[in-house]
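# Coordinate analysis (summary)
Letter by letter, the chains look like this.
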Protein chains: 2
Amino acid sequence: MQTMQKLKAVGVKPSITRIMIYDYIFSTKDHPNVDEIFITLKETLPTLSKTTVYNTVHLLKTHRLIKAYAMPNHEMRYDANLDVHAHFLCASCGQITDVLIDVCDIVQTVISENCIDETVITFHGTCSKCQTSV
Amino acid sequence: MQTMQKLKAVGVKPSITRIMIYDYIFSTKDHPNVDEIFITLKETLPTLSKTTVYNTVHLLKTHRLIKAYAMPNHEMRYDANLDVHAHFLCASCGQITDVLIDVCDIVQTVISENCIDETVITFHGTCSKCQTSV
DNA sequence: TACAAATTTGTATTCATTATAATTTATATT
DNA sequence: AATATAAATTATAATGAATACAAATTTGTA
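Residues numbered from 1 in each chain as written. Chains lettered and ligands numbered in written order. Predicted model: local features only at pLDDT ≥ 70, side-chain atom pairs only at ≥ 80, totals over all residues. Heavy atoms only, no water.

Let us look at the relation of the copies chain A and chain B. Expressed as a screw operation, the relation of chain A to chain B combines 0.0 Å of axial shift with a rotation of 180°, fitting to an RMSD of 0.1 Å. In the structure described here, the two chain copies are related by an operation that fits a two-fold rotation axis. Closest approach to the rotation axis within chain A is made by the C-alpha atom of A:Ile121, at a distance of 2.2 Å. When the interface residues of chain A are mapped onto chain B, 100% of them again fall at the interface, so both copies present the same face. (Least-squares fit on C-alpha atoms with pLDDT ≥ 70 in both. Contact = heavy atoms within 4.5 Å.)

Empty space left among the atoms is revealed by rolling a probe the size of a water molecule over them. Its boundaries defined by the atoms lining it, the second largest pocket holds a volume of some 250 Å³. Around the second largest pocket, the lining is made up of 13 residues, and of these A:Val34, A:Tyr54, A:Met76, A:Tyr78 and B:His74 lie nearest the centre. Contributions of two or more residues to the lining of the second largest pocket are made by α3 (34-41), α4 (50-62) and β2 (76-79) of chain A. For the lining of the second largest pocket, the element with the most residues is α4(A), which contributes four residues. Looking at the lining of the second largest pocket residue by residue, the classes come out as six nonpolar, four polar and three charged. (1 Å grid on protein atoms, 1.4 Å probe; cavity = no way out; pocket = protein on both sides within 12 Å on 5 of 7 lines; lining within 4 Å. Points joined across faces, edges and corners; volume = space filled by probe spheres on them. Helix = DSSP H or I, 4+ residues; strand = E, 2+ residues; numbered from the N terminus. Nonpolar A, V, L, I, M, F, W, Y, C, P; charged D, E, K, R; others polar.)

With that settled, the discussion passes to empty space enclosed by the protein. All told, the structure shown has one cavity of 30 Å³ or more when counted by the stated rule. What the largest cavity holds in volume is close to 50 Å³. Lining the largest cavity, in full, are A:Ala70, A:Met71, A:His74, A:Glu75, A:Met76, B:Ala70, B:Met71, B:His74, B:Glu75 and B:Met76. Across the lining of the largest cavity, the residue classes tally to six nonpolar, two polar and two charged.

Our focus in this paragraph is the protein's contact with DNA strand C. Around DNA strand C lies a shell of 13 residues, among which A:Ser15, A:Arg18, A:Thr47, A:Ser49 and A:Thr52 are the nearest. Backbone atoms, meaning sugar and phosphate, form 79% of the atoms of DNA strand C found within 4 Å of the protein. The separation between a base oxygen of DNA strand C and a polar side-chain atom of A:Thr51 is 3.1 Å. Elements that contribute at least two residues to the surface near DNA strand C include exactly α2 (16-27) and α4 of chain A together with α4 (50-62) of chain B. Here the residues of the surface near DNA strand C sort into three nonpolar, eight polar and two charged. (Near = heavy atom within 4 Å. Polar contact = N/O pair within 3.5 Å; in protein donor to acceptor, adjacent residues only side chain to side chain.)

Across soluble globular proteins, nonpolar side chains have a tendency to be buried as a group. Among the nonpolar cores identified, the biggest contains 22 residues, and A:Phe88, A:Phe123, B:Phe88, B:Ile121 and B:Phe123 are the most heavily contacted of them. The set of elements that each furnish at least two residues to this core consists of β3 (85-90) and β5 (115-126) of chain A together with β3 (85-90) and β5 (115-126) of chain B. (Core = buried A, V, L, I, M, F, W, Y, C linked by side-chain atoms within 4.5 Å. Buried < 20%, exposed > 50% of the residue type's maximum accessible area, 1.4 Å probe, protein only.)

All names here are of chain B. Residues other than glycine seldom take positive phi values, yet His31 does so here, at roughly 50°. Relative to the assigned elements, His31 resides in the loop between α2 (16-27) and α3 (34-41). Under the relative-accessibility criterion, His31 is labelled buried at 4%. Even without being glycine, His74 reaches a positive phi, approximately 80°. Turning to its location among the elements, His74 is positioned in the loop between β1 (67-70) and β2 (76-79). A relative accessible area of 62% means that His74 is categorised as exposed.

What follows is the structure in structure tokens.
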């Protein structure tokens, strides 16, 4: 489904700025923060305002087109991959990678008394690349 | 083990301020942020400085006496419960509760190529109390 | 083409957090 | 006990992420 259709489907006007912001988040595998999105897109949108990026990621998040992840270093990072998955966060290089994982039987233990609609799993450690460069 | 011993064991001078900050985080089940710690302890430590609270939680975190959890609303919250567990975060009331969970077989799927030293699991949803007050 | 609505821009403001310097407290030494 | 030194705490300034706000611009419709 094209970005324009995705935005229209949730009632968000698909302006070029919004499409580019969403496409960047969707295509990068780096879970960017607002500053990274801003710096990257400013190359092709020279008049882009940082406030627009803040407003747009908030809009996309509110309409469940992206998800926000709060990092231990106070950064807020964004992910357009809505499939159920976990993240691996390397303490050395800061890289965040998606980890496919089945959360069904994890959720079982808490679903009996609470209503769960999302499970966030983050593995902290050292990635294989940083381990070999010690 | 008493707080004073815990602090000494990791090479941290067990001043009364530090003991009280640690004890508060340890005893409360609310995973407080810096502002909550500060406001609460100011009642018994009238000259307490917010900078001291920031410095002390950073010290305790660095010495692995407490853990920090970044919340979706940008808050950084602290937990002195070092046992392996997950959290349940209620989207309605904001309450964070500990959830006992076995993460061993969750870690299996990613341990083969990365070095994992911590797994953070957060369940998002609506707690039973907020469900009944709809 | 005119107009209204929406989007974007740019600046000011807020607030969490850190940096810094001064003061106070604790410890070591004489 | 007094003094020197180190560490802790305090208070203020500074930083930077994020939000608020008003103005300008763009888009869509009549």
